[in-house]
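# Examining the three-dimensional arrangement
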Number of protein chains: 4
Amino acid sequence: MNTIGNIFRLTSFGESHGSAIGGIIDGVPAGLRIDIDDVQRQLDRRRPGQSDLTTSRDESDKVEFLSGIFEGVTIGTPIGFIVKNSNHRSADYDSLRDIYRPSHADYVYDAKYGRRDHRGGGRSSARETISRVVAGAIARQALSTIGISIKAYTSQVGNIRLDNADSLDFDIIDSNKVRCPNKTKADAMERLIEDVKKDGDTVGCVIDCIVEGCPAGFGEPVFGKLSAELASAMMSINAAKGFEIGDGFDFADKKGSEVADEFVNLNGKIATKSNHSGGIQGGISNGQPITMRVAFKPIATLLRPQPTIDKHGNPSVVNPKGRHDPCVAARAVPIVEAMAAIVIFDAYLRNLSSRIDRG
Amino acid sequence: MNTIGNIFRLTSFGESHGSAIGGIIDGVPAGLRIDIDDVQRQLDRRRPGQSDLTTSRDESDKVEFLSGIFEGVTIGTPIGFIVKNSNHRSADYDSLRDIYRPSHADYVYDAKYGRRDHRGGGRSSARETISRVVAGAIARQALSTIGISIKAYTSQVGNIRLDNADSLDFDIIDSNKVRCPNKTKADAMERLIEDVKKDGDTVGCVIDCIVEGCPAGFGEPVFGKLSAELASAMMSINAAKGFEIGDGFDFADKKGSEVADEFVNLNGKIATKSNHSGGIQGGISNGQPITMRVAFKPIATLLRPQPTIDKHGNPSVVNPKGRHDPCVAARAVPIVEAMAAIVIFDAYLRNLSSRIDRG
Amino acid sequence: MNTIGNIFRLTSFGESHGSAIGGIIDGVPAGLRIDIDDVQRQLDRRRPGQSDLTTSRDESDKVEFLSGIFEGVTIGTPIGFIVKNSNHRSADYDSLRDIYRPSHADYVYDAKYGRRDHRGGGRSSARETISRVVAGAIARQALSTIGISIKAYTSQVGNIRLDNADSLDFDIIDSNKVRCPNKTKADAMERLIEDVKKDGDTVGCVIDCIVEGCPAGFGEPVFGKLSAELASAMMSINAAKGFEIGDGFDFADKKGSEVADEFVNLNGKIATKSNHSGGIQGGISNGQPITMRVAFKPIATLLRPQPTIDKHGNPSVVNPKGRHDPCVAARAVPIVEAMAAIVIFDAYLRNLSSRIDRG
Amino acid sequence: MNTIGNIFRLTSFGESHGSAIGGIIDGVPAGLRIDIDDVQRQLDRRRPGQSDLTTSRDESDKVEFLSGIFEGVTIGTPIGFIVKNSNHRSADYDSLRDIYRPSHADYVYDAKYGRRDHRGGGRSSARETISRVVAGAIARQALSTIGISIKAYTSQVGNIRLDNADSLDFDIIDSNKVRCPNKTKADAMERLIEDVKKDGDTVGCVIDCIVEGCPAGFGEPVFGKLSAELASAMMSINAAKGFEIGDGFDFADKKGSEVADEFVNLNGKIATKSNHSGGIQGGISNGQPITMRVAFKPIATLLRPQPTIDKHGNPSVVNPKGRHDPCVAARAVPIVEAMAAIVIFDAYLRNLSSRIDRG
């Protein structure tokens, strides 16, 4: 289905080359003042064409809110919004009507639905993430009223990765083309992407995300664990292929004694000495920063011919025409932040009913 | 919430030291003959005390079906079941009533609910997975009627891991104590776990899982991607901290040209030459084997004293009494299989309405 | 929430005097050819200003589909749509900003959300039903492919009601101003409404609805009974206050022997001699016509001054300005049909997974 | 599906002649002290065999709670419970294995699922309501902590009905056999039921229900209207065929000026002079008593032979064996109360997130 969330819910629609992309955000509490400029800024961060490292399409991607906000404040009714698809070059895609591009969703859509909108990936296009960023921006504004902030950044592109020795300066994230918080590594990543681009190739990446200020108690045990909800949200992003909380896969090679997060009394507040758990224990936030990582595969659209077959099983060749990212990193950062915001704000709202004496 | 699934749905209940663990499986199509012995066998695979490498509690864990199956066949009504908690040694836990064990869920349950059943982890105990295994066994039986099979195995324990050079013999999985399909590595893993146990320590692991026979078309685009549903299901298992589909985190260091899964016409059937995507593209199964990996942290209960604090913030020490797994690997294998079965069978049922000319 | 349905799901948004009303229809199977003109015709039937008996606003109410339909056929992706609010006379409502109109939702919205869009009823306006009619039209087109048709009509306005002696001619429903299938009664109802209008008053009504061609087996037992889903859908319509299936409240005064629907073998098909049950037994359709009735209260907006209080508790007077229906009957007919279509088509899709040997 | 509710959710299971009936109540806030004796009392009110007017089966119907309550208080985890089916006289039903009883669910279950448990109605038995009463009792206890009370009573049996002239004494409801709050009418109803019983017949009834103390603001606009949720809950009860809020069907014959609920300032509190709306406007509670009515058809099982057909379409006769209610009224009262409690408490929990400044 095209809905995410339990109380705070985004339902989205839209194909890449249809009239518009959009969505409905339901469950937004009334009384939240919305900064629409900020929503647009998040969309701008997601937009392709921000730099030579991302795609060169000029999409204006202006969000229009159609309901749910009255005199600048939410009124408890659903927020409908659209972003028009201004740049229709559908003819670019005529040659792809019957072709199954490698590692793309063309074939599976045909297999599932018996038909598809072949233009620009249709529903499986990364344009779909526009709706996520809009909803995420609203969620983030709501979270800021309760002291919760979210920050994502690129931690790996190809074989260039941040390691423990690297200092992180979150203030520079948006001032480099790959949204990496270490200048040296950012430069190296940019060079790598340029090299990859010259080869008509693409490259994978990892995005890290930190949620700060989240109180203990968010997340529903068993199937609604905060870790499970975050995993689902992140793995639902196009091209996401791996997810970790805290030490993640590194846990496999660790002893329990090495990674036990010892509880301590920190000025009257319960805290942990270390944070291998990544802020989540038993699926519930423990008050420490929530840390997670998302792995993205290289973009499947190469700028070189690729052999494949068409829907009839005949050999064919994909000859993509020129406007695609060589690496999703820069654009994935605001999307990862948006998904984290959606999940955490929903968890906050769900947690309002955890105790009878709360309401 | 304590429910997983959309059409095929498991809702579970039960604390470790309450009267019983159990659940309700809703959405099971009528007409499925249930092999109850097979369900019990899966439960037996999950049970602690199968070997010296797992915990020494003698839990009989017999499943009782209370509804939904009539004369051996499902009738479309919900399947209620319970597994009694026969081994109540609640007094073992009296000393833990107010103590927050490191990396356990004690503190977060208190933070969320203001109270908890402190005996044996209460709801956060691994006993909760009993319900998953029961529902998974039913789902797996249903999947077998449409030619889908699921196999999980241990691929890493501490620094011992399967690599590409290792041959895999799936027939030996259940005949070694760690459920690893390579005898040499299995032996090494067992030795490692014994060493860890002697130290009163625990160790992490990775479980691999393969779904074979899944046709193209399962999974719902956007937020209900098959990869997202699997991620959520796996990350909802106790101690799970990482999840990958296909090449997962290895994608980050790859070029698009290295990992493109080229489509080929294989005897009239559309297939891919390679399977870096892990059988899922655009969130939908593509007919190739679905491959995934789940990382588990080391069990948090050590067999040695651990410093901590109590609920009042006073320093304390955890002195666990002796019956806990040093590694979840062996028991995690049937649980991972169960979660995969639940998700895949639900995806099958959801896919029945993907085309108007299907019904 | 603003979502109805389980597999076939409508999520709607929009305030009366915002930019647009719209929605997202999810779960539409692929391969359904959509007749957009027919959708518009259903909207036109709902529109005010069709006759002197309904409101005199000139709303064009043109639906724009934004996604989910490609080359005239559904592709399995969500159908986004909007209907612009062209006729903004917001200033008409300035005097109502702080006033609680009797039997309107003004007060409860303030009580719930602490604020509201006071213009034209905001979200509680009957304009919200536009989205229902759009989704209902799509559902109805889908149902027609499986031989199911839906017909609603006005059976009572004030003290004028159809009785068993009245002949019904469904062909004349849309050719009279109250959508009543009996010419004599239709004329009487029209006269009554005109009289009521002259008094600046309004009057209640009952709409009957029949679903024909529905096979046995739709509806989910227990909480998802077809009767319960229909009741919920109908009672969610603005001003709906009562709902009946089959003989409804008349059952209270009946003996079991009088209303038993005896099963008979009708040319090899199982049928019932009578249909007191209204086509639903145990919450599941039995193959007979599904018959139901919905009672609507008189529209709360009178064309005469009404005493009330404002949000501060001070006495005030409502002086409505001139454009409101004296009776919802004519416009309620297509809305009732739409809700029935949404529920029945959803029930059809849910029923696809009722048996393991179905898929 | 077998789940009702959004935050406070009951999932139920169980066939009449299976091992047990039961359910899982999820979403119960932690910290609620549970009076188990009170739960049992509600079950006892529902039980057949309370008087000669209800069925003569001796079912003990003792509820066993299996989880979610620790030291007498809810802990936020799901409450699992079972009620064993002690009185298995399955052989009584052998003759009904292939027969479709008139106005029963036998045929539709076969039509939907291809099979059924024919013993005692299986899943469609009124025993299924046990789970509703248990969950309703929990919900009611929670509601009492916020000052909300629920009262239902029989207002009509056959042609005996309460009218405006009848005084109501709620204290006598449980002390007469039909649960009617007027002694004269109660006596008349009892006599009517005895007469009907002598004839081997059954008779329909109407149950009224009042929710008092419900603050303004409960209920979700549009599809989650409180009236729609109540309608769905009530119409999901076995044999329910009609539902009204406030004046219900009587509205059809009323002028707007007759039924406008004028707002007044009652000692600084906003109230209404009249309550035709039944406490709900725009789908949201307005602080007045919520009044509703549910119509039940006569029980379909007569104590006389009835002609019918079997599953092969052959003529047959139903010869029911002797233990069935001639009228559901007495037993329906606690069930209607339970459903109201479930809906209202769920609405309370949902409303906790209606404003950003609430949490």
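How each quantity is defined
Residues numbered from 1 in each chain as written. Chains lettered and ligands numbered in written order. Predicted model: local features only at pLDDT ≥ 70, side-chain atom pairs only at ≥ 80, totals over all residues. Heavy atoms only, no water. Least-squares fit on C-alpha atoms with pLDDT ≥ 70 in both. Contact = heavy atoms within 4.5 Å. Pairing = 2+ DSSP bridges. Helix = DSSP H or I, 4+ residues; strand = E, 2+ residues; numbered from the N terminus. Buried < 20%, exposed > 50% of the residue type's maximum accessible area, 1.4 Å probe, protein only. Salt bridge = Lys/Arg side-chain N within 4 Å of Asp/Glu carboxyl O. Buried area = accessible area lost by both parts, 1.4 Å probe. Polar contact = N/O pair within 3.5 Å; in protein donor to acceptor, adjacent residues only side chain to side chain. Nonpolar A, V, L, I, M, F, W, Y, C, P; charged D, E, K, R; others polar. pLDDT = per-residue confidence, 0-100.

Glancing now at the relation of the copies chain C and chain A. Here chain C sits on chain A after a turn of 180° about the axis and a move of 0.0 Å along it, with an RMSD of 0.0 Å. Taken together, the rotation and translation describe the operation of a two-fold axis. An overlap of 100% is found between the interface residues of chain C and their copies at the interface of chain A, pointing to a shared contact surface.

Further remarks concern the sheet that holds strand S18 (residues 306-310) of chain A. All names here are of chain A. If you trace the three strands from one edge of the open sheet to the other, you get S8-S18-S19, paired in antiparallel fashion. Since the sheet does not close on itself, it has two edges, and those belong to strand S8 (99-100) and strand S19 (315-318), each with one partner. One ladder, built from two bridges, connects S8 with S18; its direction is antiparallel. When the bridges of S18 are listed, Ile99 appears paired with Asp310.

What follows deals with the side chain of Ser125 of chain C. Residues and elements named next belong to chain C. Structurally, Ser125 can be placed in the loop between helix H2 (106-113) and helix H3 (129-144). Judged by relative accessible area, which is 9%, Ser125 ranks as buried. Sequence-distant contacts of Ser125, defined by excluding residues within four places in its chain, comprise Ser16, Gly120 and Asn238.

A few words on the environment of Leu303 of chain D. Inspection of the secondary structure puts Leu303 of chain D in the loop between strand S17 (290-296) and strand S18 (306-310). For Leu303 of chain D, a relative accessible area of 36% translates into the label partly exposed.

Once that is clear, we can look at the pattern of salt bridges. All names here are of chain B. The final tally for this structure, using the stated rule, is 105 salt bridges over all chains. One salt bridge connects Arg293 with Glu244, and the closest N-O pair in it is separated by 3.0 Å. Taken together, the positions of Arg293 in strand S17 (residues 290-296) and Glu244 in strand S12 (residues 240-245) put the pair 49 residues apart, joining distant regions of the chain.

Let us look at the interface of chain A and chain B. With 103 residues of chain A in contact, the opposing surface of chain B contributes 103 residues. Both sides of the chain A and chain B interface together cover about 7700 Å² of buried area, and 62% of this is carbon and sulfur. Counting across the chain A and chain B interface gives two salt bridges. Its salt-bridge partner being Glu220 of chain A, residue Lys112 of chain B comes within 3.1 Å of it at the nearest N-O pair. At the surface where chain A touches chain B, the tally comes to 41 residue pairs in polar contact (both at pLDDT 80 or more). The element best represented in the side of chain A that touches chain B is helix H2 (residues 106-113) of chain A, accounting for seven residues. Residues belonging to the side of chain A that touches chain B are distributed by class as follows: 46 nonpolar, 33 polar and 24 charged.

For the rest of this paragraph, the subject is the relation of the copies chain A and chain B. With an axial shift of 0.0 Å and an RMSD of 0.0 Å, the rotation relating chain A to chain B amounts to 180°. The share of interface residues of chain A whose copies in chain B are also at the interface is 100%, consistent with both copies meeting through the same surface.

So, about the confidence of the model for chain A. Mean pLDDT over chain A: 94, with 95% of residues reaching 70 or higher. Taken over the whole predicted complex, pTM reads 0.97, whereas the ipTM for its chain interfaces reads 0.96.

Right, let's get into the interface of chain C and chain A. If you look at the interface, chain C gives 42 residues, while chain A gives 42 residues. Carbon and sulfur atoms make up 64% of the surface buried where chain C meets chain A, a total of about 3100 Å² over both sides. Linking chain C to chain A there are two salt bridges. Ionic pairing is found between Arg97 of chain A and Glu71 of chain C, a salt bridge with its closest N-O pair at 2.7 Å. Here chain C and chain A share eight residue pairs in polar contact (both at pLDDT 80 or more) between them. Of the residues in the side of chain C that touches chain A, the class split is 15 nonpolar, 17 polar and ten charged.

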